[in-house]
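Residue-level structure breakdown
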Amino acid sequence: GGNRLVAFVWDKDLDTEGKTVNELHDDRLPLTEDHVMFCRLNNLYNETFNNDTMADILWSHQILSSDVRRVVGHAMFFETTHIKYAQ
């Protein structure tokens, strides 16, 4: 047990190259599978090898634009034993 937190990550806030929203969307799509595998492997490792885990990802979802045509960010809900592991 520990602290449960929700993190919202907006692609535009992380952009350092001045990309358009469509370019950011196109960049994000290929990373989706990598992110899903990261979450699954992280939680598998925690449940199998490490009962005193630093962070468990409870759910992770992409955030859609208001016109529901582009991915504009990400929301993750996770549990961590200490706030320092949330970064």
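Please read all numbers here as calculations on a predicted model, not as lab measurements.

On to the packing of aromatic side chains, then. By the definition in use, this model includes 2 aromatic pairs. Residues F8 and W10 carry aromatic rings whose centres are separated by 6.4 Å and whose planes lie at 10 degrees to one another, so their mutual orientation is stacked.

Pairing within the open sheet is antiparallel, and its 3 strands lie in the order β1-β3-β2. Because the sheet does not close on itself, it has two edges, and the strands there are β1 (3-10) and β2 (55-64). The sheet shows a mean angle of 15 degrees between the axes of neighbouring strands, direction not considered. Pairing analysis gives 9 bridges linking β2 to strand β3 (residues 71-80), with the strands arranged antiparallel. Within β3, the residue paired with D56 across the bridge is E79.

Mapped onto the elements, L29 comes out in the loop between α2 (21-28) and α3 (31-49). Remark: the alpha-carbon pair of L29 and V71, spanning 42 residues in sequence, is separated by 8.1 Å.

Quick look at the side chain of H74 now. Relative to the elements of secondary structure, H74 occurs in strand β3. A polar side-chain atom of H74 sits 3.2 Å from a polar atom in the side chain of R28. Within polar-contact distance, the side chain of H74 engages the side chain of S60 at 2.6 Å. Not counting the four nearest positions on each side in its chain, H74 is found in contact with A7, F8, V9, R28, H35, S60, H61, Q62 and I63.

Calculation criteria
- Residues numbered from 1 in each chain as written.
- Predicted model: local features only at pLDDT ≥ 70, side-chain atom pairs only at ≥ 80, totals over all residues.
- Heavy atoms only, no water.
- Phe/Tyr/Trp six-rings, centres within 6.5 Å; stacked < 30°, edge-to-face > 60°.
- Pairing = 2+ DSSP bridges.
- Helix = DSSP H or I, 4+ residues; strand = E, 2+ residues; numbered from the N terminus.
- Axes fitted to C-alpha atoms, helices over the stretch in contact; angles between N-to-C directions.
- Polar contact = N/O pair within 3.5 Å; in protein donor to acceptor, adjacent residues only side chain to side chain.
- Contact = heavy atoms within 4.5 Å.

Remember that the coordinates give geometry; whether it matters functionally is a separate question.
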